[in-house]
Amino acid sequence: MSRDPLPLLPTPSQTVGPFYGYALPFPGGPDIAPAGHPDALTVHGYVHDGDGAPIPDAILEIWQPGPDGDRSGAPGSLRRDPVTGGYLGRDGVTFTGFGRIATDADGHWAVRTLRPGGVPYLSVCVFARGLLHHLYTRIYLPGPATDADPLLAGLAPDRRATLLATEERPGVHRFDVRLQGPGETVFLDFR
């Protein structure tokens, strides 16, 4: 008796993780600016899911040029533990142009950096549970260059607002990331 094999159906995609908090964060990840730098500014906020709930296990990566517009970063600024091979952290004196920040149990994150030169924004990549692909966005800091930015000029006011950091007080800015729903952050598609 011959039986026809059952047709094979595709396996649905599945979410991997959340494992971001185990391997990606490193000591000093939020400290892009050297410790005690007089021009350092803090950018902080929360990462929210589509229901507005905080995401306690997201990672934000931030890239930016230095205040002089240089994008070369600081290769070699991360120190390794000679015994374990793990990261000990940054050297504490070098501007790196790169940060990796984990959210805390309340979905809060914070980075200490310097104002970028040549562009009015920090580039951001968001990793979070439920995302099969990371998301790219920007944090625009208040200033004249932000008002003239062509990407922002092409957005409706309500969408534009999702990319603007608000100054809470001198040297401290707030920027929340909403992954879905009302007030969803504008995400960029790079191909």
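These lines cover the structure that appears in this document, whether it is placed above or below. (Residues numbered from 1 in each chain as written. Predicted model: local features only at pLDDT ≥ 70, side-chain atom pairs only at ≥ 80, totals over all residues. Heavy atoms only, no water.)

Regarding the environment of Phe175
In this structure, Phe175 sits in the loop between strand E10 (172-174) and strand E11 (177-178). Residue Phe175 is classed as buried on the basis of its relative accessible area, which comes to 2%. Taking C-alpha positions, Phe175 is 9.6 Å from Ala110, a pair spaced 65 residues apart along the chain. (Helix = DSSP H or I, 4+ residues; strand = E, 2+ residues; numbered from the N terminus. Buried < 20%, exposed > 50% of the residue type's maximum accessible area, 1.4 Å probe, protein only.)

Things to note about the pattern of salt bridges
Here the structure, examined in full by the defined rule, presents five salt bridges. For Asp31, the salt bridge goes to Arg112, with nearest N and O atoms at 3.2 Å. Pair noted here: Asp31 is in the loop between helix H1 (20-23) and strand E1 (41-48) and Arg112 is in strand E6 (residues 108-113), with a separation of 81 residues, a long-range link. Using a relative accessible area of 29% as the deciding quantity, one classes Asp31 as partly exposed. For Arg112, a relative accessible area of 25% corresponds to the partly exposed category. Between Arg174 and Asp176 there is a salt bridge, and its shortest N-O distance comes to 2.8 Å. (Salt bridge = Lys/Arg side-chain N within 4 Å of Asp/Glu carboxyl O.)

What to know about the sheet that holds strand E7 (residues 121-127)
The strand order E5-E2-E7-E8 describes an open sheet built from four strands, whose pairing is antiparallel. Each edge of the open sheet is held by one strand with a lone partner, namely strand E5 (98-102) and strand E8 (135-140). For this sheet the average axis-to-axis angle between neighbouring strands, irrespective of direction, equals 25°. Examined bridge by bridge, strand E2 (residues 59-63) and E5 share five bridges and lie antiparallel to one another. The partner of Ile62 across the bridge, within E5, is Gly99. (Pairing = 2+ DSSP bridges. Axes fitted to C-alpha atoms, helices over the stretch in contact; angles between N-to-C directions.)

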